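Here is how the chains run, residue by residue.
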Amino acid sequence: MQIRLLLSFFFFTSRKNPIKTPLSVPNFFRSINNCYSTSSFYTRRSSAALVPLRMAVPPKLASSFTAIAAAGSGLSSSEVGVASKLWIKYRRESVFAAYTPFVVALAAGNLKIDAFRHYISQDFHFLKSFAHAYELSEDCADDDDAKLAISHLRKDVLQELRLHNSFVQEWGIDPSKEGNINSATVKYTDFLLATASGKVEGVKGPGKLATPFERTKVAAYTLGAMTPCMRLYAFLGKELQSLTDSIDSSHPYKKWIDSYSSEGFQASALQTEDLLDKLSVPLTGEELDIIDKLYLQAMKLEIEFFNAQSLAQPTVVPLTKAHNPEEDRIVIFSDFDLTCTVVDSSAILAEIAIVTAPKSDQAQSENKNARMSSSELRNTWGLLSAQYTEEYEQCIETILPSEQVEFNYEALCKALEQLSDFERRANSRVIESGVLKGLNLEDIKRAGERLILQDGCTSFFQKIVKNESLNADVHVLSYCWCADLIRSVFSSARGLDVLNVHANEFAYEESISTGEIVQKVESPIDKVQAFLNITKNYSIERKNMIVYIGDSVGDLLCLLQADIGIVIGSSSSLRRVGSQYGVSFLPLFPGLVKKQKEYTEESSSNWKGQSGILYTVSSWAEVHAFVLGW
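Here the structure is a predicted model, which means the values were calculated and not measured.

A. Representation of the pairing of strand β8 (residues 512–518) in the model. Of the strand pairs in this sheet, strand β4 (residues 437–440) and β8 are connected by two bridges, and their pairing is antiparallel. Residue pairing for β8: N440 is matched across the bridge by I512. By the bridge criterion, four bridges tie strand β7 (residues 505–509) to β8 in an arrangement that is antiparallel. Pairing of Y508 across the sheet is with S513, part of β8.

Shown next as structure tokens:
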């Protein structure tokens, strides 16, 4: 039922100067998307209210994927420095580092010792370059305080190298004899030392740094290339520490985790960021752009460094790692509203109706296609929304058992039949009201083409459909009243015309909606039935791995039927209903670490539907990193 978020629609239509002409529709939808930051996260407190979660989490202290995802959505530019802004801006990349096979196996404690030895030898060369880059930066810095700060940071790196010496003694590693330096290590160290030597695009060569300011500028650039590494290691240290028992000393890599989660290392990361902030103060916008590019390049090189670590063992990430297109098939299902989108489609269709409606009834002819005036439409939408919100909450209360029960899929199906009946009645009220009458198909398509999707959603689907080595299908399964809107969102501009869309349809007469809905997917029961009909058509001759991504109660049955059900966002009603019926919600990264602990040469990853376990993520980056990797 798409009316569930129309309260958000009234935020837009209650402005002093509402847009009233059809020609304003494209511009209006750009304004809608601008009102919703794609870096913010939303939850439905009820099914009809979209509430931004603006958690002012200082990015330097964030240690979980959820905190990182929320960081920045409520912080003004004056409240954070350059380093924090860049960490917020490129936090997505940190997820790809954490989800690498090396880090997941390290966290699980079953990383093979040879792989860890190889990593330590690579990191030894990396740290030597880091220390040299600090030395060059200290020479360039003009300010005595900055010189002293860099000197302290260099000493911290030398201390880190001494820690590596303890690894050498514990595991018999000789970094100087541990084979060749791999290409990923070389790429980062070459990049870092070139930057520290002043070899930066658009900057004078190292022998031409005539003024103190020019030399200090190079020091700032060098810190821009080093800061993301420090912050990333601090983040990974805290993330992995949260997954290990502080009392249990049996984890073979506990010393490594303790080192990077320690107060000392966290302080070093903060000092590096504070120094970057200080060195950046006199820089121009163009020079800050250079730091931005260096920061991003360093983040990408760091991810490549972790990905390049050699592992001769099975891992649960990425999901496609063991994929054989000749024998296997990956089937991705995704909900649309608030799973893919930032704004619910009901609010979009409502706004199209209002901004294209006549200002009054005076100019209307007497015919069956006569439309309500814009004021009548606004009032009618308000009544429908209020009624839906009240009755939805009552329905949710009715289907909840008085006490939490053990996971029981059949009982949950029976309960959601009541919700399905309610959704169909609500849809019938919308059709009878006539609020969807008179929408032009071209206006709908233009709105869809301009609709902003959740950050990372488009790139995830694009990478799947463009990867010729994958045997993969993608289905979008939605309550949306208008499948044409969904198809236009994934149109040729995004290169996703190949996605299979399953949703309701508008009825048209010469491209003008009649107000009727061709009802195909209206409820949780309709949705799971469509899901089962699609999956049963896949040949059993192949091994089918089915992943479902959704955000609401309407997705619950499909999420549980899939081999892997991934919940994106933080719908309180979904958690509430699921939990009462024994569904477990497990954050994806800890869930993968747990799976990795159980994953051996002789075993499988054992993904299967109706396990009662759903995995939660804060962003599409986590979905992308898990399924496809970097």
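B. Seen up close, the packing of aromatic side chains. This model, assessed by the stated rule, comprises 36 aromatic pairs. The interplanar angle of 85° and the centroid separation of 4.8 Å between the aromatic rings of F126 and Y188 together place this pair among those described as edge-to-face. On the criterion of sequence distance, the pair formed by F126 in helix α7 (residues 113–140) and Y188 in helix α9 (residues 183–196) is long-range, its members being 62 residues apart. In terms of burial, F126 and Y188 fall into one category: buried. Note on W607 and Y615: the rings are 5.6 Å apart at their centroids and 75° apart in plane angle, and the pair reads as edge-to-face. There is no split in this pair, since W607 and Y615 are both buried.

C. Representation of the sheet that holds β7. Taking strand neighbours across the sheet as the criterion, the three strands line up as β4-β8-β7 in an open arrangement whose pairing is antiparallel. Taken across any chain shown, the strands that pair with only one partner, and hence form the sheet edges, are β4 and β7. Going across the sheet, the axis of each strand differs from the next one's by a mean of 55°, ignoring polarity. With respect to the sheet, helix α17 (residues 441–450) is in contact with β4 and β7, its orientation differing from that of β4 by roughly 55°.

D. Looking closely at the nonpolar core. Of all hydrophobic cores here, the largest spans 149 residues; its most connected members are Y99, W381, F460, F461, F490 and F626. Setting aside residues no more than four positions away along its own chain, Y99 makes contact with F65, V104, V317, L588, F589, L592, E622, A625 and F626.

E. Highlighting the packing of helix α14 (residues 345–355) against α17. Viewed as axis vectors pointing N to C, α14 and α17 meet at an angle of 135°, and their least axial separation amounts to 11 Å. The angle between α14 and α17 falls in the class oblique. Considering the relative orientation of α14 and α17, their crossing is right-handed. Seen from α14, the contacting residues are I348, L349 and I352; seen from α17, they are D443, I444 and A447.

F. The arrangement of the sheet that holds strand β6 (residues 500–502) in detail. The sheet built from seven strands is open, its strands ordered β6-β5-β3-β9-β10-β12-β11 with parallel pairing. Unpaired on one side and paired on the other, β6 and β11 (584–587) mark the two borders of the sheet. Within this sheet the neighbouring strands show an average axis-to-axis angle of 25°, counted without direction. In this sheet, strand β5 (residues 472–477) lies alongside strand β3 (residues 328–334) in parallel orientation, the contact comprising five bridges. Bridge pairing in β5 places I330 opposite A472. Docked against the sheet, helix α18 (residues 457–466) engages β3, β5 and β9 (543–550), running at close to 155° with respect to β3. Where helix α22 (residues 572–580) meets the sheet, it contacts β10 (564–568), β11 and β12 (613–617), and its direction lies at approximately 125° from that of β11.

G. Inspection of unusual backbone geometry at higher detail. Omega for the peptide link from V317 to P318 comes to -15°, which places this bond in the cis form. Here P318 shows up in the loop between α13 (285–307) and β3. Of note in the backbone geometry, L338 takes a positive phi value of approximately 65° without being a glycine. Assignment of secondary structure puts L338 in the loop between β3 and α14. Of note, Q610 is a non-glycine position whose phi angle comes to about 55°, a positive value. For Q610, the location among the structural elements is in the loop between α23 (588–598) and β12.

H. The arrangement of helix α10 (residues 212–241) in detail. In this model α10 runs 42 Å from its N-terminal to its C-terminal C-alpha over 30 residues, within 8% of the 44 Å that 1.5 Å per residue would give. By the largest-angle criterion, M226 marks the main kink of α10, which is about 30°, and a proline, P228, follows within four residues. The element α10 is largely enclosed, with a buried count of 25 among its 30 residues.

I. Main features of empty space enclosed by the protein. Scanning all chains against the criterion turns up two cavities of 30 Å³ or more. When its volume is computed, the second largest cavity comes out at roughly 70 Å³. Lining the second largest cavity are D123, F126, L127, F130, E160, C229, M230, Y233, Y260 and F265. Counting residues per element, the ones that place at least two in the lining of the second largest cavity are α7 and α10. If one sorts the elements of the lining of the second largest cavity by residue count, α7 sits on top with four residues.

J. Seen up close, the packing of α7 against α13. Viewed as axis vectors pointing N to C, α7 and α13 meet at an angle of 150°, and their least axial separation amounts to 11 Å. With respect to α13, the element α7 is oriented roughly antiparallel. On α13, the residues that touch Y119, Q122, D123 and F126 of α7 are E302, F305 and F306. Grouping the amino acids of the contact of α7 with α13 by side-chain chemistry returns four nonpolar, one polar and two charged.

K. Here's a closer look at the side chain of T244. Following the sequence through the fold, T244 ends up in the loop between α10 and α11 (254–261). Looking at T244, its side chain comes within polar contact range of the main-chain oxygen of Q241, at 3.1 Å. In this structure T244 touches H251 and I257, once residues within four positions along its chain are discounted.

L. A look at the pairing of β5. The pairing of β5 with β6 spans three bridges and is classified as parallel. Bridge pairing in β6 links L477 to H502. Remark: the β5/helix α19 (residues 483–489)/β6 crossover connection has right-handed handedness.

M. Representation of the environment of Q387 within the structure. Following the sequence through the fold, Q387 ends up in helix α15 (residues 374–399). Placed 39 residues apart in sequence, Q387 and A426 show a C-alpha to C-alpha distance of 8.9 Å.

N. The confidence of the model for the protein chain, seen in detail. Across the protein chain, pLDDT averages 85, with 81% of residues at or above 70. Counting contacts from residues 2–62, a segment whose pLDDT is below 50, to residues more than four positions away or on other chains yields 168 contacts.

Parameters and conventions
Residues numbered from 1 in each chain as written. Predicted model: local features only at pLDDT ≥ 70, side-chain atom pairs only at ≥ 80, totals over all residues. Heavy atoms only, no water. Pairing = 2+ DSSP bridges. Helix = DSSP H or I, 4+ residues; strand = E, 2+ residues; numbered from the N terminus. Phe/Tyr/Trp six-rings, centres within 6.5 Å; stacked < 30°, edge-to-face > 60°. Buried < 20%, exposed > 50% of the residue type's maximum accessible area, 1.4 Å probe, protein only. Axes fitted to C-alpha atoms, helices over the stretch in contact; angles between N-to-C directions. Contact = heavy atoms within 4.5 Å. Core = buried A, V, L, I, M, F, W, Y, C linked by side-chain atoms within 4.5 Å. Parallel < 35°, antiparallel > 145°, perpendicular 65-115°, else oblique. Left-handed = near helix turned anticlockwise from the far one by under 90°. Expected span 1.5 Å × (residues − 1). Bend = angle between axes of the 7 residues up to and from the residue. 1 Å grid on protein atoms, 1.4 Å probe; cavity = no way out; pocket = protein on both sides within 12 Å on 5 of 7 lines; lining within 4 Å. Points joined across faces, edges and corners; volume = space filled by probe spheres on them. Nonpolar A, V, L, I, M, F, W, Y, C, P; charged D, E, K, R; others polar. Polar contact = N/O pair within 3.5 Å; in protein donor to acceptor, adjacent residues only side chain to side chain. Right-handed = clockwise from strand over helix to strand, strands pointing away. pLDDT = per-residue confidence, 0-100.

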